[in-house]
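An overview of the molecular structure
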Amino acid sequence: MDALTLFIIRHAEKPGDGWPGSGFTADGVSDTESLVLRGWQRAGAWTALFGTDLTGGDYAKPDAIYAATPGTTPNQPPSSRPAETISALAARRSLAPNIGFGKGDEPALMQAVLAMKGVVLLCWEHKAIISDILPLIPVSKGTPPTKWEGSRFDVVLRFDRAKGDDKFAFKELFPKLLSGDSDKPLGG
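Everything quoted here is computed from the prediction, not taken from an experiment.

Next up on the list: the overall build of the chain. Scanning the chain from N- to C-terminus turns up 4 helices and 7 strands. What you see in the chain, going N to C, is helices and strands ordered as β-α-β-α-β-α-β-α-β-β-β. Looking at the 188 residues of the chain, the share that counts as buried comes to 46%. Taking all contacts inside the chain whose residues are at least 6 apart in sequence as the whole, residues at least 24 apart take part in 68%. Summed over its atoms, the accessible surface of the chain is roughly 8600 Å², and 53% of this surface lies on carbon and sulfur atoms. Here the chain contributes 21 positively and 22 negatively charged side chains, and the mean placements of these two sets differ by 4 Å.

Right, dumping it as structure tokens:
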């Protein structure tokens with residue numbers, strides 16, 4: 001297997017999770033399935049963290065970016081939040097984000113991602129990260145969370161696979177990019 005660093009983040013803040021205001025698109029059009037102002041701020045913070053040379057060490061520039069296809073959550077309104085969260089980062093890195101997998105396509109998504117090499121960033125919905133993505137990642141070191149609180153948007157899950165290995169080392173990161181961000185683990 002090739003070396004792979006996989007970062008997993010949750011989409012940024014949305015309406016109804018304790019943040020004031022309604023959601024709106026990048027063009028400023030009111031939309032309940034888009035990010036709120038705090039979410040757009042976090043999307044910008046992720047862009048600075050993963051898209052510039054401002055930080056190093058735990059945070060590398062992605063070679064590929066994945067987000068859930070907008071509007072594919074079964075029995076739910078069409079959320080654009082994962083794609084919105086990574087849109088500025090993808091533009092900064094001059095990458096076309098892969099939004100070809102929707103919620104429910106996690107097995108095919110992870111088959112594609114785990115076959116890659118380099119650095120990959122994945123942005124998804126938190127419940128599906130826990131139930132449908134993390135169980136598909138073989139881990140030999142560290143313990144990924146089994147719960148993700150609905151109020152947490154500030155965590156980075158990092159998985160590292162060395163060249164020749166078939167399993168990953170895991171660590172949870174807390175960049176504390178915005179006021180009120182926590183350094184408390186998600187839990188399990």
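With that out of the way, let us pick up the pairing of strand β7 (residues 168-173). As paired elements, strand β5 (residues 139-141) and β7 share 2 bridges and run parallel to each other. Looking at the pairing, K141 lines up with A169 of β7. Examined bridge by bridge, strand β6 (residues 156-161) and β7 share 5 bridges and lie antiparallel to one another. When the bridges of β7 are listed, D160 appears paired with A169. Counting the residues between successive antiparallel strands, the hairpin from β6 to β7 contains 6 residues, one of them, G164, with a positive phi of roughly 90°.

In this fold, G18 is placed in the loop between β1 (4-10) and α1 (37-51). In this structure G18 comes out as exposed when scored by relative accessible area, which is 70%. For the pair G18 and A60, spaced 42 residues apart in sequence, the C-alpha separation works out to 31 Å.

Scoring rules and cut-offs
- Residues numbered from 1 in each chain as written.
- Predicted model: local features only at pLDDT ≥ 70, side-chain atom pairs only at ≥ 80, totals over all residues.
- Heavy atoms only, no water.
- Helix = DSSP H or I, 4+ residues; strand = E, 2+ residues; numbered from the N terminus.
- Buried < 20%, exposed > 50% of the residue type's maximum accessible area, 1.4 Å probe, protein only.
- Contact = heavy atoms within 4.5 Å.
- Areas by Shrake-Rupley, 256 points an atom, 1.4 Å probe, with all protein chains shown as cover.
- Lys, Arg positive; Asp, Glu negative; His and termini not counted.
- Charge placed at Lys NZ, Arg CZ, Asp CG, Glu CD.
- Pairing = 2+ DSSP bridges.

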